[in-house]
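# What the coordinates show
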Amino acid sequence: QVQLVESGGGLVQAGGSLRLSCAASGSFFSRNAMGWYRQAPGKQRELVATITSGGTTNYATSVKGRFTISRDNAKATVYLQMDSLKPEDTAVYYCSAGKRGIVGAWDSWGQGTQVTVSS
């Protein structure tokens, strides 16, 4: 099981950018699928982006063209570059990891980092 710590959240104006990081500790990071989810107040957690152990990415329709997920296996870190931020992107963002290397089979979750986009 991988332990995850998110960072990089904060307050930004609409149209701005943020880069979230998720640092992982544990064995065989490169074998893990990784994902970013978010949860706004009063709403359930929703998928934002995923990346498999092989590097295949997938995005929620609402963030396609604006967000980019990437990973650096040497640094055991996954990133979420968020551009053209909108107020509706405001949420707590969570990092997830799955040791099977495929999305959906999540073993670990981070504590979350708050992203607030003002209008």
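These remarks concern the structure in this document.

Conventions adopted
Residues numbered from 1 in each chain as written. Predicted model: local features only at pLDDT ≥ 70, side-chain atom pairs only at ≥ 80, totals over all residues. Heavy atoms only, no water. Disulfide = S-S within 2.5 Å. Helix = DSSP H or I, 4+ residues; strand = E, 2+ residues; numbered from the N terminus. Buried < 20%, exposed > 50% of the residue type's maximum accessible area, 1.4 Å probe, protein only. Salt bridge = Lys/Arg side-chain N within 4 Å of Asp/Glu carboxyl O. Pairing = 2+ DSSP bridges.

According to the stated counting rule, one finds one disulfide in the structure shown. The disulfide that involves Cys-22 links it to Cys-95, with 2.2 Å between the sulfurs. Between Cys-22 and Cys-95, the disulfide has an S-S torsion of -85° and is therefore left-handed. Here Cys-95 lies in strand S9 (residues 91–98) and Cys-22 lies in strand S3 (residues 18–25), a separation of 73 residues in the sequence.

Let's shift gears to unusual backbone geometry. A positive phi is found at Ala-76, a non-glycine position, where the angle reads about 50°. Mapped onto the elements, Ala-76 comes out in the loop between strand S7 (67–72) and strand S8 (77–82). Of the residues examined, Ala-76 reaches a relative accessible area of 16% and is grouped as buried. Within the chain, Ser-84 stands out as a residue other than glycine whose phi angle is a positive 50°. Tracing the backbone shows Ser-84 in the loop between S8 and S9.

What the rule picks out here adds up to three salt bridges. Its salt-bridge partner being Asp-89, residue Arg-38 comes within 2.9 Å of it at the nearest N-O pair. One end of the pair, Arg-38, is in strand S4 (residues 33–39); the other, Asp-89, is in the loop between S8 and S9, with 51 residues separating them in the sequence. Neither Arg-38 nor Asp-89 differs from the other in exposure class; each is buried.

Taking every second residue as pointing to the same face, the buried face of S7 carries Phe-67, Ile-69 and Arg-71, while none of Thr-68, Ser-70 and Asp-72 on the other face is buried. Between S7 and S8, which pair antiparallel and follow one another directly, the connecting turn spans four residues, one of which, Ala-76, has a positive phi of 50°.

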